[in-house]
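Results of the structural survey
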Amino acid sequence: MGEIEGTYRVLQTPGSRLGVQKATGVSTLEPGQNLSTVMASSPAKMHERDLPIKIKMLDNTVEVLDIESKYYGQTLLTEVYKHLNLIESDYFGIEFQNIQSHWIWLEPMKPVIKQVRRPKTTVLRLAVKFFPPDPGQLQEEYTRYLFALQIKRDLAEERLTCSDNTAALLVSHLLQSEIGDFDESEDREHLKTNQYLPNQERIEGKILEFHRKHAGQTPAESDFQVLEIARKLEMYGIRFHLASDREGTKINLAVSHMGVLVFQGNTKINTFNWSKVRKLSFKRKRFLIKLHPEGPYQDTLEFLLGSRDDCKNFWKICVEYHTFFRLFDQPKPKAKAVFFTRGSSFRYSGRTQKQLVDYIKDSGMKKTPYERRHSKARASTRTSNTTDVPKQSVPFTEGLRTPGSPASAAAPFHSVHSSATPTPVLPIFAETSPSSLDPRAPYPRSPEKPTAAPGEEAGRKLMQQPGSPMLQGLPVDHPQLSSLVLKSSLGLNPAFQVNLNAAGQGSSPLLSPVLSDAGGARVEEDDEMKRKRYPTDKAYFIAKEILATERTYLKDLEVITVWFRSAVIKENAMPEGLMTLLFSNIDPIYEFHRGFLKEIEQRLSLWEGKTNAHMKGDYQRIGDVMLRNMRTLKEFTSYLQKHDEVLTELEKATKRLKKLEMVYKEFELQKVCYLPLNTFLLKPIQRLMHYKLILGRLCKHYTAEHRDFADCRNALKEVTEMTSQLQHSLIRLENFQKLTELQHDLIGIDNLTAPGREFIREGCLYKLTKKGLQQRMFFLFSDMLLYTSKGVTGTNQFKIHGHLPLHGMLVEESENEWAVPHCFTIYSAQKTIVVAASTRLEMGKWMEDLNMAIEMAKKSTEKSDVLLENSVCHRSNRSSDEVSLEQESEDDIHSSRSSLDRQSHHRANTTMHVCWYRNTSVSMTDHSVAVENQLSGYLLRKFKNSNGWQKLWVVFTNFCLFFYKTHQDDYPLASLPLLGYAVSSPVEADGIQKDYVFKLQFKSHVYFFRAESKYTFERWMEVIKRATSSPARSSLLLPKGEKDSHTD
């Protein structure tokens, strides 16, 4: 007595440490067995009478399957999947209600009659069992259709709780999928006869209003939008298990791809991520979670469920979820004990998600049409590469299923409902996979529908995101949000999200691209094929750069329009006037670029040849799209001119309102806010500069006779006109943004954003004290020089130790005097300090910028010390004529501990912190150059000592590479600051035998990145070199007449 009845040790999972062996879990199969041999042998012994089993499908039709009475659950599942011709079958299961009316999953490894008490009268039903965090991971359109039906069922059963706005939006997409474009009378009639929601009459008006906006949307797109909205809801895929904690508080337990969740009512109060869980077990009614020990917290948590059966049922689904989403391979067989066993032997017996996506990728399976049973709209087809519709063979595991037509596969079934079956049709499918298509295959594609870019899509659908963000009470679920917010929160357009790559998929969906690179070797051959398949014209790759950077830009806008809006609404932290000022200026821009992105996607798809041959010539250009949209964008210039006011008012409000300041700081700590928040407000103007540069490259590439040249030249004129109006504003805004960023990160200064102050350079220098050289962070402005030290607590903020006004300052090189390399002396009215740089080049940059700033300060009519008195908190009582070496006591540093402890942790990849750790510096000119050199796209990455290449979506901005699994991800998995890194081509010793590879190195840290084309390779080399090779001085701040007098 008292033994644990069932345990499941959460084995080492992918992404925890580089080089660890892969764990595969434990199975209940005998050694040498697989599911097919078990299933084939068992029924053969039992020639007993047939048992009719009723199964309710996701479209609410009821089918009857005659099986032998002692068939195992797996046999029933296999027959159902055959009947449906379902490829991605492992996401699904069959459930039934037990005596307590709780839904239980049918176990594959047990006979059906031992699980279902009255199989003749019980109606089983097909349902989604595993909900992936991103519907883009579902590679089949048919699978997404079934998932959408599951969402429809959850809405009707009130499992998927959400706001009225969200519910209406979901139903409107379901309507679009089922009956096509909006028709008020038809909509109302359909809603009368179909109950999507309890009390749906109350929000019928909202449903119709949303449906009106979906005109032209295909059923496949509607399905995808349903899943995109649903996945961001807190209750997506959640199945509650009633429980109580140790104090007796009533709670609900649930499990998801990320771990075990705890709810109070419908509000999530805790998440135990799989990475933190060591073991799951149950003992009678007690469910136990053993965590990896962390600090003072208890490492074992206990919950009480209603009964032992309830507890075991929840434990089983946790085991299955963990295995499916976190392990690489099907669990290995577990040898049975000779004499006795202890505890439950249950283990997940199916394929893991990685195995499933690898199977779909490697099988090269031909795809057949499917029928949308309730849809009167345009149906979709799974595209095949022959004119005849091929038969589909979808084995559950190898050897278990044989090829068979849909008709033969469905032989044991007969339908309970006698309804006329509509004839399957083969309409146009606008989201055909670009990289899985044979070049010889027909491309039945609608030119009106946007699609994905080419080879860069390869592999992205294979990657899952274990830490996908959960919108807890976020955009789509807030009743105050407008329909615009709802649209914004859907993510990007399904036209490129649902595109799949069956041939060139990259690494494992479970693999951390940051910590491991296993499984990426296959990418090489696929990439070679892609290069041969797609256009090689330089203009095509320039257009692809526009597409890639536009995707990143739209995601950046969503940080403000979706994520930040949600945060301030949730906490009611922003005054109404500021809300209106901020979002009324950025929302129209965001909406414009959503449409612009769709146009670019469509054009790139047509350019790649996915259309009839006689039409190709009309679409292998981008100038007409750019010209049309640049002219439209001119209408938004008034919005862009207000960004100055928006930034200023936002900064004033955060100083004035503590609640807003708290929300602002907390939001900046979120993963989605990967740059300082106000940086995102500058993106619209900076994007115009990018358009200008890209169009300039296109015009330079084309000859004057080229049919695209005139459009590109006119588009360049349009955007040049806009940038000339906004250039001065952008310089001012970038300076203001940098000052406010520093204001948040520096302790000991009250008003860094004083009028007239301009940022010049920040960087690390070593200050000579009585204790020797000590590292300090210096900040040079147009009126003063600050020096700081890094906080000694967990915070990443810097505390100001001293400030020197530039008025009357003198700088001299003093290597010989102090016998310290790269040393120079700064004389000011207050004190004299001696500092040393890490290299002679760094010393030259500092001395040149200091001398330039001193000259500017002399000519300034405004006294800099007035600014100093108003802004810097004086902490020293030394006399102003002190010129000796200053000794900074450790007591002075530790005195800031109490204030530091109250501060939030700050991101460590800002330029300030990178300069500190890399012993370098960055000027405002460098920042401006970096803005011009932003780039996005898919790259293959390889570590120095690894074998395979891994595909990642890479964004280069703010001197940093940010890595994502796909371009759809909301936040980066990791970042690599490049200050201090050298970029070059690999040498022979590196052993790289591939084309278009560049090498990044900082000391012993080496990375290789591989681009898809010569143009892309040259662009990455160019932008990284320009951004990391700092100019010698900051010429931005020089008056026009004096630039010539300051030579390099």
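**Looking at the overall build of the chain**
Helices and strands together make up the secondary structure of the chain, namely 30 helices and 32 strands. Looking at the chain as a whole, 61% of its 1048 residues qualify as buried. Of all intrachain contacts in the chain linking residues separated by at least 6 positions in sequence, the fraction that spans at least 24 positions is 71%. Just so you have it, the chain exposes about 41900 Å², and 50% of that area is on carbon and sulfur atoms.

**As for helix α30 (residues 1014-1028)**
In this model, α30 (15 residues) spans 21 Å end to end at C-alpha, consistent with the 21 Å of a helix rising 1.5 Å per residue. Turning to α30, its buried residues are Tyr1015, Thr1016, Phe1017, Arg1019, Trp1020, Met1021, Val1023, Ile1024, Ala1027 and Thr1028.

**A word on the sheet that holds strand β27 (residues 950-957)**
With respect to topology, seven strands assemble into an open sheet ordered β29-β28-β27-β26-β32-β31-β30, the strand pairing being antiparallel. Edge positions in the sheet fall to β29 (974-977) and β30 (982-984), since each of these pairs with one other strand and no more. The mean angle between the axes of side-by-side strands here comes to 35°, regardless of whether they run parallel or antiparallel. As judged from the three bridges shared by β30 and strand β31 (residues 997-1002), these two strands associate in the antiparallel manner. Across the sheet, the residue bridging to Val983 is Leu1000, located in β31.

**A few points about the state of the cysteines**
Inspection of every chain in the model, using the stated rule, returns zero disulfides. A disulfide-free cysteine, Cys318 has its sulfur positioned 9.5 Å from the sulfur of Cys311, the nearest such atom. For Cys318, a relative accessible area of 0% gives the class buried. Cys712 supplies the cysteine sulfur nearest to Cys699, a cysteine that is in no disulfide, at a spacing of 5.3 Å. Residue class for Cys699 comes out buried when judged on its relative accessible area of 13%.

**Description of unusual backbone geometry**
In the Ramachandran plot, Asn60 falls in the positive-phi region, its phi being about 75° despite a non-glycine side chain. As for its placement among the helices and strands, Asn60 is situated in the loop between β3 (50-56) and β4 (62-68). The phi dihedral of Asn85 falls on the positive side, at around 55°, and the residue is not glycine. By secondary structure assignment, the location of Asn85 is in the loop between α2 (73-84) and β5 (92-97). Here Asn85 falls in the buried class, since its relative accessible area comes to 5%.

**Remarks on the packing of helix α17 (residues 623-633) against helix α22 (residues 709-745)**
Contact geometry for α17 and α22: axes closest at 8 Å, N-to-C directions at 25°. Overall, the two elements α17 and α22 adopt an arrangement that is roughly parallel. The two elements α17 and α22 cross, and the hand of that crossing is left-handed. Two secondary-structure elements touch here, α17 through Gly623, Asp624, Met626, Leu627, Met630, Arg631 and Leu633 and α22 through Asp711, Cys712, Asn714, Ala715, Glu718, Val719 and Met722. Of the residues in the contact of α17 with α22, the class split is eight nonpolar, two polar and four charged.

**A closer look at the packing of aromatic side chains**
Overall, the coordinates contain 36 aromatic pairs when judged by the stated rule. The interplanar angle of 70° and the centroid separation of 4.8 Å between the aromatic rings of Tyr674 and Phe962 together place this pair among those described as edge-to-face. Taken together, the positions of Tyr674 in the loop between α20 (658-668) and α21 (677-701) and Phe962 in strand β28 (residues 960-964) put the pair 288 residues apart, joining distant regions of the chain. Ring geometry for Phe943 versus Tyr1007: centroids 5.9 Å apart, planes at 55°, classification tilted.

**Some remarks on the pairing of strand β20 (residues 784-790)**
Judged by how many residues are buried, β20 sits mostly within the fold: seven of seven residues are covered. Because side chains alternate across β20, one face comprises the buried residues Met784, Leu786, Thr788 and Lys790, and the other comprises Leu785, Tyr787 and Ser789, equally buried. Across four bridges, strand β19 (residues 772-781) lies against β20 in antiparallel orientation. Note on β20: the bridge partner recorded for Met777 is Thr788. Counting the residues that bridge the hairpin from β19 to β20 gives two residues.

**As for the pattern of salt bridges**
Here the structure, examined in full by the defined rule, presents 47 salt bridges. The shortest N-O distance in the salt bridge between Arg188 and Glu184 comes to 3.1 Å. Taken together, the positions of Arg188 and Glu184, both in helix α5 (residues 184-193) and four residues apart, correspond to about one turn of that helix. Overall, Arg188 belongs to the partly exposed group, its relative accessible area being 34%.

Criteria and cut-off values
Residues numbered from 1 in each chain as written. Predicted model: local features only at pLDDT ≥ 70, side-chain atom pairs only at ≥ 80, totals over all residues. Heavy atoms only, no water. Helix = DSSP H or I, 4+ residues; strand = E, 2+ residues; numbered from the N terminus. Buried < 20%, exposed > 50% of the residue type's maximum accessible area, 1.4 Å probe, protein only. Contact = heavy atoms within 4.5 Å. Areas by Shrake-Rupley, 256 points an atom, 1.4 Å probe, with all protein chains shown as cover. Expected span 1.5 Å × (residues − 1). Pairing = 2+ DSSP bridges. Axes fitted to C-alpha atoms, helices over the stretch in contact; angles between N-to-C directions. Disulfide = S-S within 2.5 Å. Parallel < 35°, antiparallel > 145°, perpendicular 65-115°, else oblique. Left-handed = near helix turned anticlockwise from the far one by under 90°. Nonpolar A, V, L, I, M, F, W, Y, C, P; charged D, E, K, R; others polar. Phe/Tyr/Trp six-rings, centres within 6.5 Å; stacked < 30°, edge-to-face > 60°. Salt bridge = Lys/Arg side-chain N within 4 Å of Asp/Glu carboxyl O.

Nothing here speaks to function; it is all geometry.
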